[in-house]
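Listed below are the residues making up each chain.
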Amino acid sequence: PTLPSFSPSPGWPVHGQVGHLLGANAGTHVLTPQNIGLSGDGYFFAAEFSGAGSTWSLVDSGTNLALSGTAGAVDGVSVNTAGTAAQVGDLVVALCVTDGDPSAIGVGAPSGYPNQLLQTTTATDNIGVGVGWKLATSSGQQSASWTWADNDCKLGAGLIAVYRKT
């Protein structure tokens, strides 16, 4: 899933992307993120999930945006997969990006995701990111939620992707 740009007012160019390379052969790979333009903010993060002789398939995904023109008005975001294709044992990856004025916040992995991949913030660019993963413990729709207490946050964008190894 990708949120390539946020056009609702105020329309900051903050981006969250979850990309994948399915069934990759051994060796070097080049990952090219979506062009976010000259004024865009974002993080590009790559992680490898592998297994001998396995092939990965994207089976479900979803995005959600919490946005306000008022600093401190956004104190969390939740996201659900669009469908119910997940099965027990599928890999679920969840990502949240934040944008604040004048500073960003760190959100880490969402609640219930025991494996944190990335948590970072920067007061320079006013953006933060949190990424986590888990193995699905139930079939059906998957979700992720982040909450925070902050006086500056104006944007929280949640992305979720479900992958199956065969």
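Here we summarise the structure given alongside this text. All of these numbers come straight from a predicted model, not from anything done at the bench.

**Describing the overall build of the chain**
Along the backbone of the chain there are zero helices and 10 strands. Sequence-ordered secondary structure for the chain, helices as α and strands as β, is β-β-β-β-β-β-β-β-β-β. Out of the 166 residues belonging to the chain, those deemed buried represent 40%. Across the chain, the fraction of contacts at a sequence separation of at least 24, relative to all contacts at a separation of at least 6, is 71%.

**Quick word on the side chain of Thr-81**
As for its placement among the helices and strands, Thr-81 is situated in the loop between strand E5 (76–80) and strand E6 (91–100). Given the relative accessible area of 2%, Thr-81 is considered buried. Separated by 2.9 Å, the side chain of Thr-81 and the backbone oxygen of Gly-83 make a polar contact. Beyond its immediate chain neighbours, meaning those up to four positions away, Thr-81 contacts Asp-60, Ser-61, Gly-62, Gln-141, Gln-142, Ile-160 and Val-162.

**A short note on a nonpolar patch on the surface**
Nonpolar side chains collect at one region of the surface, where Leu-21, Leu-31 and Phe-44 lie side by side and expose about 300 Å² of accessible area between them. Turning to its location among the elements, Phe-44 is positioned in the loop between strand E3 (41–42) and strand E4 (56–67).

**Points about the environment of Thr-98**
One can find Thr-98 in strand E6. Considered as a pair, Thr-98 and Val-77 are 21 residues apart in the sequence and their alpha carbons are 9.6 Å apart.

**Here's the deal with the nonpolar core**
Tyr-113, Ala-144, Trp-146 and Trp-148 are the most contacted members of the largest nonpolar core, which totals 19 residues. Mapped onto this core, the elements with two or more residues apiece are E5, E6, strand E9 (143–147) and strand E10 (153–165). When sequence neighbours within four positions are dropped, the list of residues in contact with Tyr-113 reads Val-92, Ala-94, Gly-132, Trp-133, Lys-134, Ser-143, Ala-144 and Ile-160. Grouped together as the second largest cluster of nonpolar side chains are 13 residues, Val-93, Val-97, Leu-155 and Ala-157 included.

**Here we look at the state of the cysteines**
A complete count under the given rule lists zero disulfides for this structure. Free of any disulfide, Cys-96 has its nearest cysteine sulfur in Cys-153, 7.7 Å distant. Exposure remark for Cys-96: the relative accessible area of 0% places this residue in the buried category. For Cys-153, a relative accessible area of 1% gives the class buried.

What counts and how
Residues numbered from 1 in each chain as written. Predicted model: local features only at pLDDT ≥ 70, side-chain atom pairs only at ≥ 80, totals over all residues. Heavy atoms only, no water. Helix = DSSP H or I, 4+ residues; strand = E, 2+ residues; numbered from the N terminus. Buried < 20%, exposed > 50% of the residue type's maximum accessible area, 1.4 Å probe, protein only. Contact = heavy atoms within 4.5 Å. Polar contact = N/O pair within 3.5 Å; in protein donor to acceptor, adjacent residues only side chain to side chain. Patch = residues over 30% accessible without salt bridge, like charges linked within 9 Å, V, L, I, M, F, W, Y side chains within 5 Å. Areas by Shrake-Rupley, 256 points an atom, 1.4 Å probe, with all protein chains shown as cover. Salt bridge = Lys/Arg side-chain N within 4 Å of Asp/Glu carboxyl O. Core = buried A, V, L, I, M, F, W, Y, C linked by side-chain atoms within 4.5 Å. Disulfide = S-S within 2.5 Å.

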